[in-house]
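Structural overview
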Amino acid sequence: MTSSPPPPISEPDPSTFTTSSSYVGPCSGCQRPTHKFGSGGLPLCQWCLATARENWGPAVRFTNTRPQTG
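First things first, this report covers the structure right here in the doc. (Residues numbered from 1 in each chain as written. Predicted model: local features only at pLDDT ≥ 70, side-chain atom pairs only at ≥ 80, totals over all residues. Heavy atoms only, no water.)

1. Topic: unusual backbone geometry
Operational definition: The helix count covers DSSP runs of H or I at least four residues long, the strand count covers runs of E at least two residues long, and both are numbered beginning at the N terminus. Exposure is judged per residue with a 1.4 Å probe applied to protein chains only, and the accessible area is read against the type maximum: over 50% gives exposed, under 20% gives buried, and values in between give partly exposed.
A positive phi is found at Gln31, a non-glycine position, where the angle reads about 75 degrees. Among the secondary structure elements, Gln31 is positioned in the loop between strand 1 (24-26) and strand 2 (33-35). The exposure class of Gln31 is partly exposed, given its relative accessible area of 48%.

2. Considerations on the side chain of Thr34
The criterion, for reference: Polar contacts here mean pairs of N or O atoms no more than 3.5 Å apart (in protein, one a potential hydrogen donor and the other a potential acceptor; neighbouring residues in sequence count only if both atoms are side-chain atoms).
Summarising the element assignment, Thr34 is placed in strand 2. At 3.5 Å, the side chain of Thr34 and the side chain of Ser15 are in polar contact.

3. Some thoughts on the nonpolar core
Threshold: Definition of nonpolar core: a set of buried residues of the types Ala, Val, Leu, Ile, Met, Phe, Trp, Tyr and Cys, connected through side-chain atoms within 4.5 Å. Note on contacts: a residue pair is in contact if any heavy atoms of the two residues lie within 4.5 Å.
Cys27, Cys30, Leu44, Cys45, Cys48, Leu49, Ala52 and Val60 form the largest nonpolar core, which has 8 residues in total. In this view, Cys45 contacts Asp13, Cys27, Cys30, Arg32 and Thr34; residues no more than four positions away in its chain are not counted.

4. Digging into the environment of Ile9
Following the sequence through the fold, Ile9 ends up in the segment before strand 1. The exposure class of Ile9 is partly exposed, given its relative accessible area of 41%. Ile9 sits 23 residues away from Arg32 along the chain, and the two C-alpha atoms are 5.3 Å apart. Look past the residues within four positions of Ile9 in its chain and what remains in contact with it is Cys30, Arg32 and Pro33.

5. Let's talk about the environment of Leu42
The topology assignment puts Leu42 in the loop between strand 2 and helix 1 (46-56). You can call Leu42 partly exposed: its relative accessible area is 32%.

6. Section: helix 1
Spelled out, the test is: Relevant arc is that of directions from the helix axis to the C-beta atoms, nothing else.
Inspection of helix 1 places Cys48, Leu49 and Ala52 among the buried residues, and these make up the whole buried set. Looking straight down helix 1, one finds its buried side chains confined to an arc of 100 degrees; they lie on one side. Backbone geometry just downstream of helix 1 places Gly57 in the positive-phi region, at approximately 100 degrees.

This is the structure we're talking about:
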């Protein structure tokens, strides 16, 4: 299976087209604009997430890295 290379970093992740601009932020991997905040947001764009899944397996998940208070 061959996949096409990602578009230039200047082009946003397609997830930004369906979300409010207040939920858009830079991908943690490549800095491409992506749906990063709020419900359904991920810290990686679809291309960086695909690379992470190739390296770590399909069950890769994100956890909250913020310290717990209280």
